Amino acid sequence: MKSHQQYSLEKNNSFAIIATTPIIYFPKDDQELKLLTRVTQGSFYILGEGSNTLFVEDITPVIIKPEFLGISVSETNEYYEVSAACSENWHDLVCFCINKGINGLENLALIPGSVGAAPVQNIGAYGVEIADFIESVTWFDFGKNKSQQLTNAQCQFEYRNSIFKQHLKNKGIITHVTLRFTKNWRAKLNYQGLNRLSESCSAVDIMNTVIGLRNSKLPDPKIIPNAGSFFKNPVVCADQFMLLKDRYPELPFYPQDNGSVKLAAGWLIEKAELKGYQLNGAAVHDKQALVLTNIGSAKGDNIKDLAIYVQKTVFELFEISLQPEVRMIAKHGEVILKEIN
Ligand code: EPU
């Protein structure tokens, strides 16, 4: 199996943080994964395209970066099924499907990252989540040293969450994702910004509009290094929401099925007057306050310090403790930002 010692990860994380791993492994199939049993008993981190990862120290744990490739399509009278290997690029998969007339992923265009990372945090945008399409996930379990299929229900998808971030964290690797798309496709236009399109628009129209919206708000990581939304949108109980809504009638909100209410973290950060705020080479993006950027030569802990400052300032104003969706990785493993309360 391909591997390298003392490998620089600067080009493997979208924050462009300079960090080195003692060793990186590039398994390309199940046979090579089986050789990693010993490695996975120590501290390690599975890296996709590094678009949701912040290395907070100069040294990282051992890295496993899968190189599984391939996409296959099958169909019945009612649906298409697309199976993609974990190291395929997500946006390329979206384009592949739309070009073939397989509609459904258009709202999820241009999300950075790999196919295998997508179910881990249940990527979502413009009113759609990958969980809406997942038929099954192929999971290579390091303990059992073999792979198995997980159904959609077994993946326990929630907003930016899944079993892969909880019970199965660091216990294996997603090698393939199988998505199912009905042939009876309907445009999903309820998200602000898409509702000006007509019901008869095509998936290509939606994809192009989503690409335009994302390009207008979100910085291109190749130009301004970043990892998309740094924090998750917080969910609060109905009572706390009512108090906030009284104080801030313009507060954007998204009622949830269980009676709680999701708020827009970007709005809270902007209201706390942090849009454009800079600290030691790290910045709150001036067009979308939920995005933290590396505007110079920030180190990972500079970005982390800014995140802590944002979290503290937002808490002082709203008594809401923002939680990162970006994973912060130190030499000995993942670092979890403490909740303020
Ligand atoms: N808002 C502000 N100021 C800001 C940013 C946002 O007032 O600086 C307000 C907006 O005006 C809007 C609301 O907050 O009323 C929501 O903003 P937006 O539609 O931009 O979406 P978001 O909640 O900030 C989420 C996802 C994005 C996804 C967009 C579009 C999370 C953590 N983020 O952002 O996902 O692209 O919706 O669906 O759920 C990502 O995860 O990396 C990501 C970019």
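Residues numbered from 1 in each chain as written. Predicted model: local features only at pLDDT ≥ 70, side-chain atom pairs only at ≥ 80, totals over all residues. Heavy atoms only, no water.

## Some thoughts on the site of the ligand
We apply this condition: Whether a residue is near a molecule or strand depends on its heavy atoms: if one lies within 4 Å, it is near. N or O atoms closer than or at 3.5 Å make up a polar contact, with two conditions inside protein: a donor-capable atom paired with an acceptor-capable one, and, for residues adjacent in sequence, both atoms drawn from side chains. Areas reported as accessible are Shrake-Rupley estimates using a 1.4 Å probe. Residue values count occlusion only from the protein chains shown. The helix and strand labels rest on DSSP assignments: H or I over at least four residues marks a helix, E over at least two residues marks a strand, and numbering proceeds from the N terminus. Residue polarity follows a fixed list, in which Ala, Val, Leu, Ile, Met, Phe, Trp, Tyr, Cys and Pro are nonpolar, Asp, Glu, Lys and Arg are charged, and the others, Gly among them, are polar.
Of all residues adjacent to the ligand, which total 25 residues, the nearest are Tyr-126, Tyr-159, Arg-160, Tyr-191 and Glu-270. Measuring from an oxygen atom of the ligand, one finds a backbone N or O atom of Ser-229 at 2.8 Å. Its free accessible area being 820 Å², the ligand has 85% of it covered by the protein chains. Where the shell around the ligand is concerned, the elements lending two or more residues are strand S8 (124–125), helix H3 (203–217), strand S13 (226–229) and helix H5 (265–271). The biggest single contributor to the shell around the ligand is H5, with three residues. When the residues that make up the shell around the ligand are grouped by side-chain class, the tally is twelve nonpolar, six polar and seven charged.

## As for the domain arrangement of the protein chain
Note the following rule: Throughout, the edges of the domains are those of an automatic or database domain assignment. We call two residues in contact whenever any of their non-hydrogen atoms come within 4.5 Å of each other. By convention, the term buried area covers the 1.4 Å-probe accessible surface removed from two parts as they join, with the contributions of both added. Every case where a carboxyl oxygen of Asp or Glu lies within 4 Å of a side-chain nitrogen of Lys or Arg is listed as a salt bridge.
Domain boundaries in the protein chain define domain 1 (2–64), domain 2 (71–211) and domain 3 (219–335). Using C-alpha coordinates to define each centre, domain 1 is positioned 27 Å away from domain 3. The interface is formed by 17 residues belonging to domain 1 together with 24 residues belonging to domain 3. Between domain 1 and domain 3 the total buried area reaches about 1700 Å² when both faces are included, carbon and sulfur atoms providing 60% of it. Summed over the shared surface of domain 1 and domain 3, the number is one salt bridge. Residue Asp-58 pairs with Lys-299 through a salt bridge whose shortest N-O separation is 3.5 Å. Split into classes, the residues belonging to the side of domain 1 that touches domain 3 amount to nine nonpolar, six polar and two charged.

## Considerations on the nonpolar core
Going by this rule: By nonpolar core we mean a set of buried residues, namely Ala, Val, Leu, Ile, Met, Phe, Trp, Tyr and Cys, connected to one another through side-chain atoms within 4.5 Å. The cut-offs for exposure are 20% and 50% of the maximum accessible area for each residue type, with area from a 1.4 Å probe on protein chains only; residues under the lower value are buried, those over the upper are exposed, and the others partly exposed.
Ranked by size, the top nonpolar core spans 48 residues in total, and within it Phe-230 and Ile-269 carry the most contacts. Where this core is concerned, the elements lending two or more residues are strand S2 (20–26), strand S4 (53–55), helix H4 (238–247), strand S16 (261–263), H5, strand S18 (282–284), helix H6 (300–318) and strand S20 (327–330). Take this core: its biggest share by element is six residues, from H6. Residues lining this core come from more than one domain, with at least three contributed by each of domain 1 (2–64) and domain 3 (219–335). Residues within four places of Ile-269 in sequence aside, it is in contact with Phe-231, Leu-274, Lys-275, Val-284, Ala-289, Leu-290, Val-310, Val-314 and Leu-322. Core analysis: the second largest hydrophobic core is formed by 47 residues, Cys-97, Val-115, Ile-123 and Leu-150 among them.

## Thoughts on the sheet that holds S20
The test is simple: Any two strands with at least two DSSP bridges between them are considered paired. Every axis corresponds to a line fitted to the C-alpha atoms, with the helix fit spanning only the stretch in contact, and the corresponding angles, defined between N-to-C directions, vary from 0 to 180 degrees.
A sheet is described by the order of its strands in space; here three strands give the open sequence S4-S20-S21, paired in mixed fashion. Strands at the two margins of the open sheet, each flanked by one partner only, are S4 and strand S21 (333–335). Between one strand and the next, the sheet's axes are offset by a mean angle of 40°, whatever the strand orientation.

## Brief notes about the sheet that holds strand S7 (residues 79–85)
Spatial strand order, S6-S7-S12-S10-S11: five strands in an open sheet with antiparallel pairing. Bordering the open sheet on either side are strand S6 (71–75) and strand S11 (146–151), each of which pairs with just one other strand. Here the strands of the sheet are splayed against their neighbours by 20° on average, with no regard to which way each runs. Judged from the six bridges that link them, strand S10 (residues 134–141) and S11 form a sheet pairing that is antiparallel. Bridged to Asp-141 within S11 is Lys-146.

## As for unusual backbone geometry
Backbone geometry follows two general trends: most residues other than glycine have a negative phi, and most peptide bonds adopt the trans configuration. In this structure, Asn-145 is a non-glycine residue whose phi angle is positive, near 60°. Among the structural elements, Asn-145 can be located in the loop between S10 and S11. In this structure Asn-145 comes out as partly exposed when scored by relative accessible area, which is 25%.

## Brief notes about the environment of Asp-305
If you trace the backbone, Asp-305 turns up in helix H6. Residue Asp-305 is classed as partly exposed on the basis of its relative accessible area of 37%. Separated by 303 residues in sequence, Asp-305 and Lys-2 place their C-alpha atoms 35 Å apart.

## Concerning the layout of surface pockets
The test is simple: Points on a 1 Å grid over protein atoms alone make up a cavity when a 1.4 Å probe fits among them but cannot get out, and a pocket when they form an open set with protein on both sides within 12 Å along at least five of seven lines; lining residues each have an atom within 4 Å of a point. Grid points are joined across faces, edges and corners, and a volume is the space filled by probe spheres set on the points.
Its boundaries defined by the atoms lining it, the second largest pocket holds a volume of some 280 Å³. If you trace the second largest pocket, you find 15 residues lining it, with Lys-165, Lys-232, Pro-324, Glu-334 and Ile-336 closest to the centre. Contributing elements (two or more residues each) for the lining of the second largest pocket: S20 and S21. Residue classes in the lining of the second largest pocket are distributed as six nonpolar, three polar and six charged. The two domains that each donate at least three residues to the lining of the second largest pocket are domain 2 (71–211) and domain 3 (219–335).

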